[in-house]
Amino acid sequence: MPPAREDLLENNDFKEFFEKNPYAAEYAKYVKYAIPPAQTTKTVDIQDEMTVNLIEPLMYGTKNYEQAIKDATKNINRILW
């Protein structure tokens, strides 16, 4: 999932990636028009939390899936409530 930014295709931080991945670039064209599916104003905070405490630990093997889910759930609940 790309970051929710309007400048994905123009930002130098992402330029090389999108040049090498034209299908992802097509997807990125529409990010600025997207409406988050979650019914909360804290979607960005929740997505950040999922990245930091769920996706990245699983990708890099720093947590097992049970601990990653537990940590992400605890922190997302703190954001929501």
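Our subject is the structure that appears above.
A short tour of the structure in this document, coming up. (Residues numbered from 1 in each chain as written. Predicted model: local features only at pLDDT ≥ 70, side-chain atom pairs only at ≥ 80, totals over all residues. Heavy atoms only, no water.)

1. Re the overall build of the chain
Scanning the chain from N- to C-terminus turns up four helices and zero strands. For the chain, the C-alpha radius of gyration of 15 Å lies well beyond 12 Å, the compact-globule estimate for 81 residues. Oriented by its inertia axes, the alpha-carbon framework of the chain measures out at about 35 × 30 × 20 Å. Every one of the 81 residues in the chain was classed for burial, and the buried ones make up 21%. Once local pairs closer than 6 in sequence are excluded, the contacts in the chain between residues at least 24 apart make up 34%. (Helix = DSSP H or I, 4+ residues; strand = E, 2+ residues; numbered from the N terminus. Rg over C-alpha atoms; globule rule 2.2 N^0.38 Å. Buried < 20%, exposed > 50% of the residue type's maximum accessible area, 1.4 Å probe, protein only. Contact = heavy atoms within 4.5 Å.)

2. Description of the packing of aromatic side chains
Any two aromatic rings considered together are summarised by their centre-to-centre distance and by the angle between their planes. In total, this model carries one aromatic pair according to the counting rule given. With a centroid separation of 5.1 Å and 75 degrees between ring planes, the pair formed by Phe-17 and Phe-18 is classed as edge-to-face. Residue classification places Phe-17 among the partly exposed positions, given a relative accessible area of 47%. Residue Phe-18 is classed as buried on the basis of its relative accessible area of 10%. (Phe/Tyr/Trp six-rings, centres within 6.5 Å; stacked < 30°, edge-to-face > 60°.)

3. Topic: the environment of Ala-4
With respect to the helices, strands and loops of the structure, Ala-4 is situated in the segment before α1 (12-20). Along the backbone, Ala-4 and Lys-32 are 28 residues apart, and their C-alpha atoms lie at a distance of 7.0 Å.

4. Focus: helix α4 (residues 65-80)
For α4, which comprises 16 residues, the first-to-last C-alpha distance of 22 Å matches the rise-based estimate of 22 Å (1.5 Å per residue) to within 8%. Buried within α4 are the following residues: Ala-68, Asp-71, Ala-72, Asn-75 and Ile-76. Down the axis of α4, the buried set is contained in an arc of 125 degrees. They therefore lie on one face. What points out from α4, more than 90 degrees from its buried face, is the exposed set Glu-66, Lys-70, Lys-74 and Arg-78. If you follow the buried residues of α4, they end up packed against α3 (43-60). The backbone nitrogen of Glu-66 has a side-chain oxygen 3.0 Å away, supplied by the residue at the start of α4, namely Asn-64. (Expected span 1.5 Å × (residues − 1). Arc of directions from axis to C-beta. Polar contact = N/O pair within 3.5 Å; in protein donor to acceptor, adjacent residues only side chain to side chain.)

5. Points about the environment of Glu-19
Residue placement: Glu-19 occurs in helix α1. In sequence terms Glu-19 and Leu-9 are 10 residues apart; their C-alpha atoms lie 9.0 Å from each other.

6. A short note on the nonpolar core
Here is a general trend for soluble globular proteins: nonpolar side chains tend to be buried in one another's company. Core analysis: the largest hydrophobic core is formed by five residues, namely Leu-8, Phe-18, Ala-25, Ala-28 and Val-31. Ignoring any residue separated from it by four or fewer positions in sequence, one finds Val-31 in contact with Pro-2, Pro-3, Ala-4, Arg-5 and Leu-8. (Core = buried A, V, L, I, M, F, W, Y, C linked by side-chain atoms within 4.5 Å.)

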